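For reference, the chains in residue letters:
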Amino acid sequence: MSETLGDQLPREIERCQELLIQYAEIGPAGSFATAMIKRQIASAHKAMVEGDLVDMLHAYNALRGCE
């Protein structure tokens, strides 16, 4: 069974939310990464709420790049 963007995007959001916890543990040194990841998560949520498939795809790809 293949997965859809609607399946994968929430999973990537969850993965990135876990990254936020890890960066918070670093302290001030992780603040830039935290801000960028929060911004990407917000963009993903907005795209999902609006049902904008193009923006959802962009958000998914951006989140996949978060480490």
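Scroll up to find the structure this text is about.
Residues numbered from 1 in each chain as written. Predicted model: local features only at pLDDT ≥ 70, side-chain atom pairs only at ≥ 80, totals over all residues. Heavy atoms only, no water.

Novice: Could you give an account of the overall build of the protein, naming the residues involved and the relevant values?
Specialist: Helix and strand content of the protein: three helices and zero strands. In the protein, the order of α-helices and β-strands from amino to carboxyl end is α-α-α. Every one of the 67 residues in the protein was classed for burial, and the buried ones make up 28%. Excluding contacts between residues fewer than 6 apart, the proportion of contacts in the protein whose partners are at least 24 apart in sequence is 60%. When the accessible area of the protein is evaluated, it comes to approximately 4700 Å², of which 57% is carbon and sulfur surface. (Helix = DSSP H or I, 4+ residues; strand = E, 2+ residues; numbered from the N terminus. Buried < 20%, exposed > 50% of the residue type's maximum accessible area, 1.4 Å probe, protein only. Contact = heavy atoms within 4.5 Å. Areas by Shrake-Rupley, 256 points an atom, 1.4 Å probe, with all protein chains shown as cover.)

Novice: Describe in detail the side chain of Glu12, supporting the description with residues and values.
Specialist: Position of Glu12 relative to the elements: it lies in helix H1 (residues 5-26). A relative accessible area of 14% places Glu12 in the buried class. Glu12 has contacts with Tyr60, Leu63 and Arg64, leaving out every residue within four places of it along the chain.

Novice: Can you lay out the nonpolar core for me, pointing to particular residues and giving the numbers?
Specialist: Of all hydrophobic cores here, the largest spans 16 residues; its most connected members are Leu9, Cys16, Ile37, Ile41 and Leu63. Looking at this core, the elements with two or more residues in it are H1, helix H2 (31-50) and helix H3 (53-64). If one sorts the elements of this core by residue count, H1 sits on top with six residues. Aside from chain neighbours lying at most four places away, what touches Ile37 is Cys16, Leu19, Leu20, Tyr23 and Cys66. (Core = buried A, V, L, I, M, F, W, Y, C linked by side-chain atoms within 4.5 Å.)

Novice: Break down the environment of Leu19 for me, with residues and values.
Specialist: Counting through the fold element by element, Leu19 comes out in helix H1. For Leu19, a relative accessible area of 9% translates into the label buried. Once the C-alpha coordinates of Leu19 and Glu67 are considered, the two residues, 48 residues apart in sequence, prove to be 7.3 Å apart. Setting aside its immediate chain neighbours within four residues, Leu19 contacts Ile37, Cys66 and Glu67.

Novice: Outline H3, listing residues and values.
Specialist: Since the α-helix packs 3.6 residues into each turn, any two residues three or four apart lie on the same face. Compared with the 16 Å implied by 1.5 Å per residue over twelve residues, the 16 Å span of H3 between its first and last C-alpha is a close match. All of the buried residues along H3 are Met56, Ala59, Tyr60 and Leu63. Buried residues of H3, viewed axially, fall in a sector of 105°; they line one side. Facing away from the buried side of H3 by over 90 degrees, the exposed positions are Val54 and His58. Looking at the buried positions of H3, the neighbouring elements they touch are H1 and H2. By the N-cap criterion, in which a side-chain oxygen at the helix start approaches the backbone nitrogen of a residue two or three places on, H3 is capped by Asp52, the distance to Val54 being 3.2 Å. (Expected span 1.5 Å × (residues − 1). Arc of directions from axis to C-beta. Polar contact = N/O pair within 3.5 Å; in protein donor to acceptor, adjacent residues only side chain to side chain.)

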